[in-house]
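What follows is the residue order along each chain.
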Amino acid sequence: MYGYQGKVLRIDLSKGVSKVEDLNLEEAKKFIGGRGLGTKLFVDEVSPSVDALSPENKILFATGPLTGTPTPTGGRYMVVTKSPLTGTIASSNSGGYWGAELKFSGYDVIIVEGRSEKPVYVMIEDDQVEIRDAAHVWGKVVSETTETLLKEVPEKSRVLTIGPAGEKLSNMAAVMNDVSRAAGRSGVGAVMGSKNLKAITVRGTNKVAIANEEALKAVVKDCNAKIRENGVTGQGLPTYGTAVLVNIINEGGVFPTNNFQLSQFSEAEDTSGELLAEKYLTKKDPCYRCPIACGRYCKVDDIEGGGPEYETIWAFGGDCGVSDMPSIIKSNFWCNEYGLDTISTGATIAAAMELYQKGFIKDEDLDGLSLDFGDSDAVVEWTKRIGQRAGFGDKMAEGSYRLADSYGVPELSMSVKKQELPAYDPRAIQGQGLQYATSNRGGCHVRGYLISPEILGLPEKLDRFTIEGKAAWVKIFQDFTAFIDSSGLCLFTSFAMGAGDYAAMTNAVIGTEWTADDVLLAGERIWNLERVFNLDAGVDPSQDTLPKRLLEDPIAEGPSKGNVARLSELLPEYYELRGWSTDGIPTQERKGLLKI
Amino acid sequence: MEFKVRLFATLRKDRGREMMVELGEEWTARAVIDQLKIDEKDVAILMINGRDGLLDTKLIEGDIVSIFPPVGGG
Ligand code: SF4
């Protein structure tokens, strides 16, 4: 067996037992691993109508066939569960070192089910699996939990944990690993919290068997060269991390400001990647076997830690009208400590600010803390209160949709399927708008990063304001991404590599003979599997939409002035290209074709 | 005619971040990068007034030229 370890570790927290099962290899190859295989195993076992925070929901940690191999960035894993935020399938990806270590411990996937009566953590060292008491770390922040556990588990273990936000079932709680890496989105941390599962530590000594070592050596050499020579992966990301996008996205008038009321932030330069590199960067922080090393480590006052990423800078910066980099670094730090998704946290504060600006939220609700756009100290404080669910932070921890809805104005939540949109105004980039609306986990940029062709010009430059051909681009990007997310590699490799490269790597590792078309077909199969789950879960196609503001109110000023998201023109073409019915349901014929 | 030019990321090194560039007969972004000694291959994204531009697009009075080297995604 090559690429896969062939084993699934099942942990039943209600009974306090674990067992090892064989991985169905045929199925693994069909759904690849990570996001695809995790989803397949999940949907086969869990009812779509399950309450996300009930013991009947399960949470899976799935590696891909390339995780733990010498392929560039081959260290990723995916957290798959039903999301308490969106009610859709959730799959949140993370890097760092935990994923590769899980694979080395001898398992492709961990399935956690049930609910423990008391807080526990799981210690894994190869075939030794123990469910241990976690009372002493319950309530502790991520860095302290990690430090404490590292003293009591086998040497060289890696730690995945939730913070207080996950314990308190916040809809924006992340799963954290290696202290500052996050499977951030869709509230996956709350599902762990609902099971009283604080952490999973892993340590392993099993290698991943490779089908064709020689071929792998050659293709890895080739792909590493492509990554080095590509401007984005060879220069841009290594020098500045993702933060360099602040200026470019803002310059084009695509940078949502004050909860998407504006699309350009006059003070963006004060929150730029250039400034971050010059004044606050202490070191780079790469993930397992990553030649790109986009990860940052920054310091301000007595606070030092991983990040901030572009999306984070935007969420706590421009979206809240904040132009103070130190406070952004602090908000990011507290998100990592409390185990919060930075996008949803910052965007929810921004939505609360607009609710306050418009008079829905009143001063007496706020315990004396300001909710004015631009108040940087208050944003840091709100981040902490969301993490602790203290005062009004408790209500905000539910996410912007539920917050705005409680005042009767859900349209002030800039979200899709209740998940907060990231840092690109879709009125100014038509393909990305369609992608947001159709993403299988709600508001998200990494289910299909159309920014790449529409702004960065990769693999070719598209006009961001037009809709012609965009539906096809969205479909290909979504399918391609679904494969990458399942392979065990980082999505950022795709700036430099094409479907053929991923096929070549997987072939060398597993021993398959896939082509670029097979890669896209597998991705399409995974996309449809997710879609069917969401439909069965009651998330119907009427939710393939965008906030009213983005559909109806033209951008008022700046380079993208006058545009709205032309979703209604794009959606029918997209459904047709997907082989779905005109109302967005995968047909029997298409499902048969994709063998799902 | 003078044009405002904004540079980003590594292009700022030894050049600064914003400047006025005096162009003679040829009013194009190509003339701008020639004058600033920026190699064409280092121009990954070019915007004129925040919209996509080409090196040979003719500039008109008041245009702002923004030039980016290859930069990453988020
Ligand atoms: S590119 Fe960045 S996020 Fe991706 S594996 Fe490398 S360091 Fe991690």
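Residues numbered from 1 in each chain as written. Chains lettered and ligands numbered in written order. Predicted model: local features only at pLDDT ≥ 70, side-chain atom pairs only at ≥ 80, totals over all residues. Heavy atoms only, no water.

1. Structural notes on the environment of L489(A)
All names here are of chain A.
- Structurally, the position occupied by L489 is in the loop between α19 (470-487) and α20 (499-510).
- For L489 and E113, which are 376 residues apart along the polypeptide, the C-alpha to C-alpha distance reads 26 Å.
- Non-local contacts of L489, meaning those with residues more than four positions away in its chain, are made with L66, T71, P72, T73, G74, R76, I484, Y502 and M505. (Helix = DSSP H or I, 4+ residues; strand = E, 2+ residues; numbered from the N terminus. Contact = heavy atoms within 4.5 Å.)

2. A few points about the sheet that holds strand β3 (residues 45-48) of chain B
Residues and elements named next belong to chain B.
- Ordered by their spatial adjacency, 5 strands build an open sheet running β2-β1-β5-β3-β4, and the pairing between neighbours is mixed. Two strands bound the open sheet, and with one partner strand each, they are β2 (18-22) and β4 (51-52).
- When strand β1 (residues 2-7) meets β2, the two strands line up antiparallel, connected through 5 bridges. Considered in β2, the bridge of F3 is made with V21. (Pairing = 2+ DSSP bridges.)

3. A word on the pattern of salt bridges
- The full count for this structure, using the stated rule, is 43 salt bridges over all chains.
- The closest approach of N and O atoms between E269(A) and R17(B), which form a salt bridge, is 3.8 Å. Separated into two different chains, E269(A) in the loop between α9 (245-251) and α10 (273-280) and R17(B) in the loop between β1 and β2 make up a pair that spans both.
- You can call R17(B) partly exposed: its relative accessible area is 47%.
- One salt bridge in this structure joins R427(A) and D425(A), with 2.8 Å as the shortest N-O distance. With respect to burial, R427(A) and D425(A) carry one shared label: buried.
- Salt bridges sharing common partners tie together R10(A), K19(A), E21(A), E45(A), K58(A) and E113(A). (Salt bridge = Lys/Arg side-chain N within 4 Å of Asp/Glu carboxyl O. Buried < 20%, exposed > 50% of the residue type's maximum accessible area, 1.4 Å probe, protein only.)

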